[in-house]
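# Inside the fold
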Amino acid sequence: MKHFPRSGPDCAFCNEKMRDAHEILQNGFRLIKAHFQDCHVSWAFRNEEQQNDVYASGKSRAKWPTSPHNKKPSRAMDLFQIRESDGVAQWRKEYFEQIADLLKAAGQPIFWGGRWSGFSDPPHFQIALDQE
């Protein structure tokens, strides 16, 4: 399934991914899409096979079922940007930092993985621990 349209407030693929996300993340993503229409969801919920695959590839430090992606509803989402000029996906830290700043300014209880020390994960956003 592809992300169409490339930008805009609505993306069927993102909507499908976010169905399994916690309401806090759904609200946060709606806010993000209102300001960053080129933002899309790569992951919300990950099943056991998917989590084990991202762990084996080194893209996650968590094994099944310890990731916030492994709960239903999901407590985490991973995002990416689609460059409008050519449709290429991008994962620029500066882009995600702008999103994190937007969420913080709006009082959204969502933590940005780019703020972690040691293992920075800029595309990752999760419900703040005190909200679970």
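Each remark here, short or long, concerns the structure printed above.
Along each chain, the written sequence defines residue order, and numbers are assigned to residues from 1. With pLDDT at 70 or above as the cut-off, local features in this predicted model cover only qualifying residues; side-chain atom pairs require 80 or more to be listed or tallied, and sums for whole chains, interfaces and linings still use all residues. Hydrogen atoms and water are omitted, and side-chain values are computed over all heavy atoms in the structure.

### Looking at unusual backbone geometry
Of the consecutive residues tryptophan 64 and proline 65, the connecting peptide bond is found in the cis state with omega at 0°. Assignment of secondary structure puts proline 65 in the loop between α3 (48-56) and β2 (76-82). Proline 73 follows lysine 72 through a cis peptide bond whose omega is 0°. Considering the arrangement of structural elements, one finds proline 73 in the loop between α3 and β2. The secondary structure listing takes helices from DSSP runs of H or I that are at least 4 residues long and strands from runs of E that are at least 2 residues long, numbered from the N terminus.

### Some details on the pattern of salt bridges
A pairing counts as a salt bridge when a side-chain nitrogen of Lys or Arg comes within 4 Å of a carboxyl oxygen of Asp or Glu. Scanning all chains against the criterion turns up four salt bridges. Among the ionic pairs, glutamate 16 bridges to arginine 19, the shortest N-O distance being 3.3 Å. Relative accessibility under 20% of the residue-type maximum defines a buried residue, over 50% an exposed one, and the middle range a partly exposed one, all with a 1.4 Å probe and only protein chains included. For glutamate 16, a relative accessible area of 39% puts it in the partly exposed group. On the basis of relative accessible area, arginine 19 is assigned to the exposed category, the value being 59%. For arginine 115, the salt bridge goes to aspartate 101, with nearest N and O atoms at 3.6 Å.

### Considerations on the pairing of strand β5 (residues 124-127)
Two strands form a pair only when DSSP identifies at least two bridges running between them. Sheet topology note: the β2/β5 ladder contains three bridges and is antiparallel. If you follow alanine 76 over to β5, its bridge partner there is glutamine 126.

### Details of the side chain of histidine 124
The topology assignment puts histidine 124 in strand β5. What makes histidine 124 buried here is its relative accessible area of 4%. Definition of a polar contact: a pair of N or O atoms within 3.5 Å, with one able to donate and the other able to accept a hydrogen when the atoms are protein atoms, and with sequence-neighbouring residues admitted only if both atoms are side-chain atoms. Side chain to side chain, histidine 124 and aspartate 78 meet in a polar contact 3.0 Å long. By definition, residues are in contact when any of their heavy atoms lie within 4.5 Å. Apart from the residues within four sequence positions on either side, histidine 124 is in contact with Pro68, His69, Ala76, Met77, Asp78, Phe111, Trp112, Gly113 and Trp116.

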